[in-house]
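What the coordinates show
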Amino acid sequence: MTSSPQAALVIGAGDATGGEIAKRFAREGLIACATRRSADKLQPLIDEIKAAGGQAHGFASDARKEEEVVALVERIESEIAPIEVMVFNIGANVPCSILDETARKYFKIWEMACFSAFLVGREVAKRMVSRGRGTIIFTGATAGMRGAANFAAFAGAKHALRALAQSMARELGPRGVHVAHVVVDGAIDTDFIRENFPERYALRSEDGILNPAHIADNYWHLHTQPRDAWTHELDLRPWIERW
């Protein structure tokens, strides 16, 4: 438990990984501040955290909009608690052949998976540097390590996200802010995987897909690492996943 109020800001607190991350930090005594573009979709998560004895707030916010990001961070810092940890968890995994990709969709994927990370990362970093502490975690993907066929837009955005995380870590680490990048390499236990990839989802009983709660445990571990042994990049994959 924390000795004074601290906030954990989760950008992209969806029904699986993002929601589990918010719950994990709330269990440790931080005030979970969860965002999605639709506030209504956040209510079940907020209710679940509160029912378990935690504190949580939900915010409708479009992380691609600079003015909304600035206002969100200022509101949390001034009305709720200092942001001790920020997790950026927006996906944007949309496959498409390079022969059919449109400029509009390519740009939108970059906005979602990289530009929004810059906006949120910049705003929380300003506060964390002034306090000399804090944790910023970016959720990456296999696409940030290698670009697969039909994923040019997603791979480009995730490569850029990884570069952003590396640059921020090198600049902010010496100022007391831990910046980490997590490569999630494998299918995650979500409704999307269950409905669209039933054969892959069937591996769930063999621990063949990632459990969102176990991903969240690793995020908490990153946040609690002593600063003499910080991890910058962590990759998570099921034991049967090829890599």
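Residues numbered from 1 in each chain as written. Predicted model: local features only at pLDDT ≥ 70, side-chain atom pairs only at ≥ 80, totals over all residues. Heavy atoms only, no water.

- Looking at an unreviewed UniProt entry, one finds the protein named SDR family NAD(P)-dependent oxidoreductase, with Comamonas testosteroni as its source organism.

1. Comments concerning the overall build of the protein
- Counting its secondary structure elements, the protein contains 8 helices and 7 strands.
- Relative to the compact-globule value of 18 Å for 243 residues, the protein shows a C-alpha radius of gyration of 17 Å, a close match.
- Based on the C-alpha atoms only, the size of the protein along its principal axes is roughly 50 × 40 × 35 Å.
- Counting every position in the protein, which comprises 243 residues, the buried fraction comes to 50%.
- For the protein, the proportion of contacts with a sequence separation of at least 24, taken over those separated by at least 6, is 71%.
- Put simply, the protein has 29 plus and 31 minus side-chain charges, and the middle of one group is 3 Å from the middle of the other. (Helix = DSSP H or I, 4+ residues; strand = E, 2+ residues; numbered from the N terminus. Rg over C-alpha atoms; globule rule 2.2 N^0.38 Å. Buried < 20%, exposed > 50% of the residue type's maximum accessible area, 1.4 Å probe, protein only. Contact = heavy atoms within 4.5 Å. Lys, Arg positive; Asp, Glu negative; His and termini not counted. Charge placed at Lys NZ, Arg CZ, Asp CG, Glu CD.)

2. Concerning the nonpolar core
- Grouped together as the largest cluster of nonpolar side chains are 38 residues, with contacts concentrated most on Leu9, Ile11, Ile83, Met86, Val124, Ile136 and Phe138.
- Secondary structure elements with two or more residues in this core: strand E1 (7-11), strand E2 (31-36), helix H3 (66-79), strand E4 (83-88), helix H4 (103-131), strand E5 (135-141) and helix H5 (152-172).
- A total of 9 residues in this core trace back to one element, the largest contributor, which is H4.
- Among the nonpolar cores identified, the runner-up in size contains 30 residues, and Ala8, Ala34, Val184 and Ile215 belong to it. (Core = buried A, V, L, I, M, F, W, Y, C linked by side-chain atoms within 4.5 Å.)

3. Some details on the sheet that holds E1
- Strand order in the open sheet formed by 7 strands is E3-E2-E1-E4-E5-E6-E7, and the pairing between neighbours is parallel. Either end of the sheet is taken by a strand with one partner, and the two such strands are strand E3 (56-60) and strand E7 (233-236). Across the sheet, the mean angle from the axis of one strand to that of its neighbour is 15°, orientation sign disregarded. (Pairing = 2+ DSSP bridges. Axes fitted to C-alpha atoms, helices over the stretch in contact; angles between N-to-C directions.)

4. Examining the pairing of E4
- Counting buried positions along E4 yields 6 of 6 residues, so the element is predominantly enclosed.
- Bridging between E1 and E4 involves 5 bridges; their strand directions are parallel. Considered in E4, the bridge of Ile11 is made with Phe88.
- Taken together, the 4 bridges between E4 and E5 define a ladder with parallel strand orientation. When the sheet's bridge partners are listed, Phe88 is paired in E5 with Phe138.

5. Digging into the pattern of salt bridges
- Taken as a whole and judged by the stated rule, the model has 23 salt bridges.
- In this structure, Arg162 and Glu233 form a salt bridge, with 2.8 Å as the shortest nitrogen-oxygen distance. Of this pair, Arg162 sits in helix H5 while Glu233 sits in strand E7, and the two are 71 residues apart along the sequence.
- Overall, the relative accessible area of 29% leaves Glu233 in the partly exposed class. (Salt bridge = Lys/Arg side-chain N within 4 Å of Asp/Glu carboxyl O.)

6. Brief notes about helix H2 (residues 43-51)
- Of the positions making up H2, those classed as buried are Leu45, Ile46 and Ile49. Taken around the axis of H2, the buried residues stretch over an arc of 100°, which confines them to a single face. Along H2, the residues that are exposed and aim more than 90 degrees away from the buried face are Pro44 and Ala51.
- The inward-facing, buried residues of H2 abut helix H1 (17-27), E2 and E3.
- Of the residues trailing H2, Gly53 is marked for its positive phi of about 95°. (Arc of directions from axis to C-beta.)

7. Some words on a positive patch on the surface
- Taken together, the side chains of Arg37, Lys41, Arg104 and Lys108 define a basic patch exposed on the protein surface.
- Locating Lys41 in the fold gives a position in the loop between E2 and H2.
- Among the residues examined, Lys41 registers a relative accessible area of 53% and is labelled exposed. (Patch = residues over 30% accessible without salt bridge, like charges linked within 9 Å, V, L, I, M, F, W, Y side chains within 5 Å. Areas by Shrake-Rupley, 256 points an atom, 1.4 Å probe, with all protein chains shown as cover.)

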